[in-house]
Amino acid sequence: MLLEVVTPDKKVFGGEAQAVTFPGSDGEFQVLNSHAPMISALGKGKMTIKASGQEEVVIIDGGVVEVLNNKVVVLAESVIEE
């Protein structure tokens, strides 16, 4: 699936991903290929991206995710640098 993660300042990630785990406002959830269409609010926490056999963790400060036709778009409030 195609994943795009953007903040008001920059594009954080863009490319193919096998799975993404999100910090939902009501708890953690995961999106895989061919996931049903959805829109969800995101809370503050770790977003884990599994792509090319590796995991990348991005800490976000809330936002919104849209899943539609194997395209996942994350509009994050901000990314917290560790």
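The text that follows walks through the structure, step by step, so that each part is easy to find.

### Concerning the pairing of strand β7 (residues 71-76)
Sheet topology note: the strand β1 (residues 2-6)/β7 ladder contains 5 bridges and is parallel. Along β7, the bridge assignment pairs Val6 with Leu75. Examined bridge by bridge, strand β6 (residues 54-68) and β7 share 6 bridges and lie antiparallel to one another. Considered in β7, the bridge of Glu66 is made with Val73. Counting the residues between successive antiparallel strands, the hairpin from β6 to β7 contains 2 residues, one of them, Asn69, with a positive phi of roughly 50°.

### Some details on unusual backbone geometry
The backbone of Ser34 sits at a positive phi, close to 60°, despite the residue not being glycine. Its location among the elements puts Ser34 in the loop between β4 (27-32) and β5 (38-51). Within the chain, Asn70 stands out as a residue other than glycine whose phi angle is a positive 60°. By secondary structure assignment, the location of Asn70 is in the loop between β6 and β7. Assessed through its relative accessible area of 33%, Asn70 is described here as partly exposed.

### Observations regarding the pairing of β5
Looking along a regular strand, one sees the side chains alternate between the two faces of the sheet. Two elements, strand β3 (residues 19-24) and β5, share 4 bridges in a ladder whose sense is antiparallel. The partner of Thr21 across the bridge, within β5, is Thr48. Strand direction decides the pairing type here: β5 and β6, joined by 13 bridges, are antiparallel. Among the inter-strand pairings, Ser40 is bridged to a residue of β6, identified as Val65.

### Remarks on a nonpolar patch on the surface
A cluster of nonpolar side chains, namely Ile39, Val64 and Leu75, defines an oily patch on the protein surface of about 290 Å² accessible area. Of note, Ile39 is situated in strand β5. Taking the relative accessible area as the measure of exposure, Ile39 reaches 63% and is therefore exposed.

Cut-offs used in this document
- Residues numbered from 1 in each chain as written.
- Predicted model: local features only at pLDDT ≥ 70, side-chain atom pairs only at ≥ 80, totals over all residues.
- Heavy atoms only, no water.
- Pairing = 2+ DSSP bridges.
- Helix = DSSP H or I, 4+ residues; strand = E, 2+ residues; numbered from the N terminus.
- Buried < 20%, exposed > 50% of the residue type's maximum accessible area, 1.4 Å probe, protein only.
- Patch = residues over 30% accessible without salt bridge, like charges linked within 9 Å, V, L, I, M, F, W, Y side chains within 5 Å.
- Areas by Shrake-Rupley, 256 points an atom, 1.4 Å probe, with all protein chains shown as cover.
- Salt bridge = Lys/Arg side-chain N within 4 Å of Asp/Glu carboxyl O.

What is shown is where atoms sit, not what they do.
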